[in-house]
Amino acid sequence: MFMAVFVLKRFGEFLPVLFMIITITFFLVRLAPGGPFDSEKRVSLEAQRSLEAHYGIDRPLYQQYTEYLTGVIRLDFGPSFRKPSRTVREWILLRLPVSLELGAYGLAFALAVGLCAGILAALKPNSWLDYSAMTIAMIGICVPAFVLGPLLVLIFALWTDWLPVAGWATPMHKILPAVTLGAGYSAYIARMTRGGMLEALSQDFIRTARAKGLREARVVLRHGLRAGIQPVIAFLGPAAAGLLTGSFVVETIFQVPGLGREFVESAFNRDYTMINGAVLVYAVLVMGLNLVSDIMLGWLDPRIRAR
Amino acid sequence: MRCVRVACVVVFFMMIYFPILLGCSSGRKIPANVLQVGNGAEVQELDPHVVSGVTEHRVLTSLFEGLTDCDAATLEPVPAVADSWEVSEDKLLYTFHLRKDARWSNGDRVTAQDFAYSWKRILSPALGSEYAYLLYCLKNARLFNEGYLRDFSEVGVRVLDEFTLEAALEHPTPYFLSMHNHYAWFPVHQATIEKFGKIDERGTQWTRTGNLVGNGPFILTDWRPNEIISVRRNPHYWDGTAVRLDGIDYYPIDNQQTEERSFRAGMLHITSTIPLHRVEVYRREHPEALNLHPYYGSYFYRLNITRPPFDNPLVRKAFALAVDRNELTEHVLTGNEQAAPSLVPPDAGYKSDYQVMFDVVKAQKLLAEAGYPDGKGLPPVEILYNTSEAHRTIAEAIQRMWREYLNVDVRLLNQDWKVYLSSLNNLDYTIARSSWIGDVADPMNFLECFQTGVGNNRTGWSSLRYDTFIESAYAEADIEKRIALLQQAEEILLEEAPIIPIYFYTWKFLKAPEVKGLTPNLLGYMRWKDLYLVGE
C-alpha cells in the first residue's frame, strides 16, 4: 500500500517535469542562431519560403508550440527536417533499441566486473587483491571512453584480429562497444561495492549471522551483499540513465547506429523536431530509471520502507 | 569464504577477458567482388532532387544516370542515356537522342518525358532543392524556381518524341554537357514518385529499399541508416556488360579515425578521407594506399567590407599580401595542398592572370597609405571559423603572420556550423574562413558567387565592372574570349580583395591495392562502372 502511494506520488511529479522539459527545449532550440535550412549553398528565397511553409516554421511561435504539444500527445513528433525520408518517430524507433541494447550490455559488464572486484577487495581489505582491484578501478574512472575505445580496438582488432573494428552487425561487433561503455561505470561500482561491503561486514547483524554458524558464503552473499549493495543500487538509476544517454562517444568510435549520435547530429543540424523528440525520449528514460532505482531501494532496505 | 573468493575471481577475470574467450574471428565476411566504401556522413536522403552533399553523390551515381556521363580522366562528356546529341550554331539549343535500350530498374523504358518531368520537379519551388540553381542555365529555369513563372512550358525543355529531348539554354554554357553526371540532372521515375506522393513533395517513401526505381548501373538492395547502404548489379542496365563489380557497400562512417581503423583492418577498400595526422604515417609506411590528388576546391577568407577596417580596399589588400601561403602549405597542411594565389584553381583550361603573392614590404606600405603606419590605429580584427581542428590550426598560423608582419591584434572566434552560417549570412563577422568546391569544372562556378546580390557573396562587396564581365562571359559563345572575360573579372575580385585566397584543396583518400580502374580527377568523381577488384 505504502509502495503504491510512493510510486503514484513520484509519477505525479513526473508529468510536470516532462512538460517543462518539452517546453524549454522547444523554445531553446529555436532561440539558437542558425535555422535548419541554412546551408553553404543558398537556396532561392522562394524555395526557402516553401520549405518553411512545408515544415510549418513560418507560422507564429505559439501556434507551432500548441501544434507540437498536440502532436506529442499523439506521439507524433513530425518529420525530420534534415533527413526527410523518415519521421522523427520512425527514427527514434529505429535507433533507440540499438542504444538501449548497447546500454544494457554496458550495464551488465559494469555490474559483473564492478560487483566482483568490489566484493573481492572488501573480503581482504588492504591486501594485494584489494590494492590491485582498486588501482584498476581508479584507472577505469580516469581513462575516458575516447581513449579506452581506440586502445581496445588497437589491441583486440588491429593487432590480434579477434574482433571487428567498428559496426553493429553481429554479436562480435557488440563486445568492444559494451566494454568501453561499461568500463568507467564498473570502476565506480567496484569502489562503491567495496565501501558498502566493508561497512556492512562490520555490522552487528553479520556477527550474529556468523555466530549462528552460517556458512561464510551465505553470510557474505546473502546478508553482507544485501546491505552492502545499497549504494550501488542508488547509483544504478543515474548510472543506467548515463549509460543510455551518454553512449554518444562510444557510438561514434564504434560506428554504432544508436540514438546518441542522432541526437548530437540533430543539434548541430538544428533539426528542431528531431532534437525535441530525442530530448523527450531521454527525459523519460532518465526519470523512469531513477524511479525504478528508488523503488528497488525501498524493496531492498526495510529501513527505507519503514520510513 | 574460499568458494566466494574463487567464484568472484573467476567471474571478474571472465568479464575482463570475455572478448578473448568469445573472440576467434572478427565477424562479418566481406562478399566477393563487392566494393567496400567508407562514405563519410550518413546520407541525408536518396532523392537526387532533395540532397546536397558529396556523400549522396557517391551513392546516387551508382543508382541513377543522366543524359551524359563524364570520362573520369578528362571530365569530357561521354554518352550515357543519350547516345548522341546536336548543338546549334549559337550553342543555345541542344538536341539529345536517347538510346532505346535504356531501362529503369523495373524494366520500363527511360524516355525523354522522364527527363522533362525530373527537371520540372527539381525546379519546383515547393520542393526547395538546394541544387536547383545548377539548372539555371536552362531558359527561364531561374524564373520558374524563384516563383515568378508558373507555367513550366516556358522553361527551356521540350519533348520532341519519346526518345528526343531538346534543351534551350539561357546563354551558351560550355560545361552544359559535363554537368549531367550531377544528381541535380538525374531522371526520376514518374510513376514511382507519384505512387508515394506529389511531384514536389519531399520526404515521401519512394526512396526506401524496395520502392526506389533507378536507371543506374546498380540498384538499391539495403539501406540501414547509419549502418550500411548496399547496391547490387541492375539487370536492366543498358551497359551491364561494362559493369565489373557485383555491387558496392557504402558505410556511413563520419568519424575519420574510425574510418581509418576500418581501412587498416581490411573492412574498407576506399575511404572518404584521411585524418590529418595519419598522412605522414601512410606516406612513410604505406605509400601505395595513400591518394592525394588536386581537387577543384579553394580555401579562402572572406572579409566583411561593410565593417571597418575592411571597408578600405587598401587594408584588405595589405592583409591579403601578408599571408605566407607557401609556409602554410609546407608546414601546416600535410596533404600536398597548393598555395593559392587566386580564387579559381588553375585547372580546367583556366588560369588566373592576376596572382596575390606574399609581399610584406608592399603590405606594410599599403597599410601606411591607408592611414595605419606600422599597424598603429588598426582596431583588433577577428577570424571566424567553424569548429574544426584544421581550421583552427590555419587560423592560428595566419594570426601569427598578421601579428608579425602587420602588427595588428588578431583574435580567433570559433562557432558551430549553423551559428557560423548565420553569422556569415547576416554579415556579422570581420574575417571568416570559407571555401568553395566546384560543382562543375568551370571557373564560372567560382566567380558567379561574387556578383552583386548573389546569396553566396556574403561579403557585402559589389562591383559593377565585375558584374559586367561576368554577364558578358555568360553571353560569350567563344571559349577563349569567355576565358579572357573571366580572367578580367577575377582580376577585379583579387585587386579589390573582398576575399583572401589561401590554398587549393586536394582529394585525399585511402585505397586498397586490389581496387583498380579508379582514375583521379578534379571533381573527385568516381565512375563506379570503371572500377573493379583484383585478387579476391
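Residues numbered from 1 in each chain as written. Chains lettered and ligands numbered in written order. Predicted model: local features only at pLDDT ≥ 70, side-chain atom pairs only at ≥ 80, totals over all residues. Heavy atoms only, no water.

1. Quick notes on the overall build of chain B
Phase 1: Helix and strand counts for chain B stand at 16 helices and 18 strands.
Phase 2: Here the C-alpha atoms of chain B give a radius of gyration of 26 Å, agreeing with the 24 Å that 2.2 N^0.38 yields for 536 residues.
Phase 3: The dimensions of chain B, computed from C-alpha atoms along their principal axes, are 85 × 75 × 40 Å.
Phase 4: Across the 536 residues of chain B, 61% fall into the buried class.
Phase 5: A sequence separation of at least 24 residues applies to 69% of the contacts in chain B between residues at least 6 apart.
Phase 6: Accessible area for chain B stands at about 20,300 Å²; split by element, carbon and sulfur atoms hold 51% of it.
Phase 7: Charged side chains of chain B number 53 positive and 69 negative; the gap between the two group centres comes to 6 Å. (Helix = DSSP H or I, 4+ residues; strand = E, 2+ residues; numbered from the N terminus. Rg over C-alpha atoms; globule rule 2.2 N^0.38 Å. Buried < 20%, exposed > 50% of the residue type's maximum accessible area, 1.4 Å probe, protein only. Contact = heavy atoms within 4.5 Å. Areas by Shrake-Rupley, 256 points an atom, 1.4 Å probe, with all protein chains shown as cover. Lys, Arg positive; Asp, Glu negative; His and termini not counted. Charge placed at Lys NZ, Arg CZ, Asp CG, Glu CD.)

2. Focus: the pairing of strand β14 (residues 410-415) of chain B
Residues and elements named next belong to chain B.
Phase 1: As defined by bridge partners, strand β13 (residues 381-386) adjoins β14 across six bridges and the pair is classed as parallel. Of the residues in β14, the one forming a bridge with Glu382 is Arg411.
Phase 2: After leaving β13, the chain enters helix α12 (residues 389-406) and then returns to the sheet as β14, a path that is right-handed. (Pairing = 2+ DSSP bridges. Right-handed = clockwise from strand over helix to strand, strands pointing away.)

3. Details of unusual backbone geometry
Phase 1: Cis geometry is adopted by the peptide bond preceding Pro309(B), which originates at Pro308(B) and carries an omega value of 5 degrees.
Phase 2: Looking at where Pro309(B) falls in the secondary structure, it is placed in the loop between β11 (290-303) and α9 (313-321).
Phase 3: Of note in this structure, Leu75(A) is not a glycine but carries a positive phi near 60 degrees.
Phase 4: The phi angle at Asp161(A) is positive, at roughly 60 degrees, despite the residue not being glycine.
Phase 5: Summarising the element assignment, Asp161(A) is placed in the loop between α6 (145-159) and α7 (171-201).
Phase 6: The class for Asp161(A) is partly exposed, based on a relative accessible area of 41%.

4. Structural notes on the packing of aromatic side chains
Residue and element names in this part refer to chain B.
Phase 1: Scanning all chains against the criterion turns up 40 aromatic pairs over all chains.
Phase 2: When the ring of Tyr131 is compared with that of Tyr183, the centres are 5.7 Å apart and the planes differ by 85 degrees; the resulting orientation is edge-to-face. With Tyr131 in the loop between α4 (112-123) and α5 (141-145) and Tyr183 in the loop between β7 (164-168) and α6 (190-196), this residue pair connects regions lying 52 residues apart in the sequence. Tyr183 matches Tyr131 in its accessibility class, with the two residues each being buried. (Phe/Tyr/Trp six-rings, centres within 6.5 Å; stacked < 30°, edge-to-face > 60°.)

5. Some remarks on the sheet that holds strand β4 (residues 82-87) of chain B
All names here are of chain B.
Phase 1: Ordered by their spatial adjacency, four strands build an open sheet running β4-β5-β7-β6, and the pairing between neighbours is antiparallel. At either end of the open sheet lies a strand with only one pairing partner, and these are β4 and β6 (157-161). The average angle at which neighbouring strand axes cross in this sheet is 20 degrees, direction not considered.
Phase 2: Where β6 meets β7, four bridges bridge the pair, whose relative direction is antiparallel. (Axes fitted to C-alpha atoms, helices over the stretch in contact; angles between N-to-C directions.)

6. Observations concerning the nonpolar core
Phase 1: In terms of nonpolar packing, the biggest core is built from 161 residues, with Tyr301(B) and Trp402(B) touching the most fellow members.
Phase 2: Grouped together as the second largest cluster of nonpolar side chains are 29 residues, Val98(A), Leu107(A), Leu158(A) and Ile175(A) included. (Core = buried A, V, L, I, M, F, W, Y, C linked by side-chain atoms within 4.5 Å.)

7. Things to note about the interface of chain A and chain B
Phase 1: At the junction of the two partners, chain A supplies 69 residues and chain B supplies 71 residues.
Phase 2: Summed over both sides, the interface of chain A with chain B buries roughly 6,100 Å², with 63% coming from carbon and sulfur.
Phase 3: When the area that chain A buries against chain B is broken down by residue, the three leading residues are Glu40(A), Lys41(A) and Arg42(A), summing to 13%.
Phase 4: Here chain A is connected to chain B by three salt bridges. (Buried area = accessible area lost by both parts, 1.4 Å probe. Salt bridge = Lys/Arg side-chain N within 4 Å of Asp/Glu carboxyl O.)

8. Quick word on the sheet that holds strand β9 (residues 228-233) of chain B
All names here are of chain B.
Phase 1: A sheet is described by the order of its strands in space; here four strands give the open sequence β1-β10-β9-β8, paired in mixed fashion. Among the strands making up the open sheet, the edge pair consists of β1 (34-38) and β8 (218-224). Between one strand axis and the next, the sheet turns through 15 degrees on average, direction left out of account.
Phase 2: Two elements, β8 and β9, share six bridges in a ladder whose sense is antiparallel. Across the sheet, residue Leu220 finds its bridge partner in β9, namely Val231.

9. Here's the deal with the domain arrangement of chain B
Residues and elements named next belong to chain B.
Phase 1: According to the domain assignment, chain B contains domain 1 (12-255 + 511-533) and domain 2 (297-506).
Phase 2: The gap between the C-alpha centroids of domain 1 and domain 2 is 33 Å.
Phase 3: The partner domain 2 presents 17 residues to the 13 residues of domain 1 that form the contact.
Phase 4: Summing both sides of the interface, domain 1 and domain 2 together bury roughly 1,200 Å²; the carbon and sulfur share of this comes to 67%.
Phase 5: Counting the contacts that link domain 1 with domain 2 gives zero salt bridges.
Phase 6: Counting the contacts that link domain 1 with domain 2 gives two residue pairs in polar contact (both at pLDDT 80 or more).
Phase 7: Counted by class, the side of domain 1 that touches domain 2 contains 10 nonpolar, two polar and one charged residues. (Domains from an automatic or database assignment. Polar contact = N/O pair within 3.5 Å; in protein donor to acceptor, adjacent residues only side chain to side chain. Nonpolar A, V, L, I, M, F, W, Y, C, P; charged D, E, K, R; others polar.)

10. Regarding a positive patch on the surface
Phase 1: Where like charges cluster on the molecular surface, the positive patch consists of Lys212(A), Arg215(A), Arg218(A), Arg222(A) and Arg226(A).
Phase 2: Mapped onto the elements, Arg226(A) comes out in helix α9 (residues 216-228). (Patch = residues over 30% accessible without salt bridge, like charges linked within 9 Å, V, L, I, M, F, W, Y side chains within 5 Å.)

11. Here's the deal with the packing of helix α8 (residues 204-211) of chain A against α9(A)
All names here are of chain A.
Phase 1: Contact geometry for α8 and α9: axes closest at 10 Å, N-to-C directions at 160 degrees. In terms of axis orientation, α8 runs roughly antiparallel to α9. Remark: the crossing between α8 and α9 carries right-handed chirality. Along the contact surface, α8 presents Phe205, Ile206, Ala209 and Arg210, while α9 presents Glu216, Val219, His223, Gly224 and Ala227.
Phase 2: Residues that form the contact of α8 with α9 fall into these classes: five nonpolar, two polar and two charged. (Parallel < 35°, antiparallel > 145°, perpendicular 65-115°, else oblique. Left-handed = near helix turned anticlockwise from the far one by under 90°.)

12. So, the state of the cysteines
Phase 1: Counting across every chain of the model gives zero disulfides over all chains.
Phase 2: Cys137(B) supplies the cysteine sulfur nearest to Cys70(B), a cysteine that is in no disulfide, at a spacing of 14 Å. (Disulfide = S-S within 2.5 Å.)

13. With respect to helix α2 (residues 45-54) of chain A
Residues and elements named next belong to chain A.
Phase 1: Buried within α2 are the following residues: Ala47, Gln48, Ser50 and Leu51. Considered in projection along α2, the buried side chains sweep an arc of 165 degrees and stay on one side of the axis.
Phase 2: Trailing α2 by a residue or two, Gly56 shows a phi angle of about 75 degrees, which is positive. (Arc of directions from axis to C-beta.)

14. With respect to the pairing of strand β5 (residues 93-98) of chain B
Looking along a regular strand, one sees side chains alternate from face to face of the sheet.
All names here are of chain B.
Phase 1: Here β4 runs beside β5; their pairing, made up of five bridges, is antiparallel. Counterpart to Ser84 in the pairing with β5 is His97.
Phase 2: Connecting β4 to the antiparallel partner β5 that follows it, the hairpin turn spans five residues, and Lys91 within it adopts a positive phi of roughly 60 degrees.
Phase 3: One ladder, built from five bridges, connects β5 with β7; its direction is antiparallel. When the bridges of β7 are listed, His97 appears paired with Thr164.

15. Re the packing of α6(A) against α7(A)
Residue and element names in this part refer to chain A.
Phase 1: The contact between α6 and α7 brings their axes to 9 Å, and the two run at 145 degrees. Two packed elements cross with a definite hand, and for α6 against α7 that hand is right-handed. Along the contact surface, α6 presents Ala145, Leu148, Gly149, Leu152, Val153 and Phe156, while α7 presents Leu176, Val179, Thr180 and Ala183.
Phase 2: Tallied by class, residues from the contact of α6 with α7 come to eight nonpolar, two polar and no charged.

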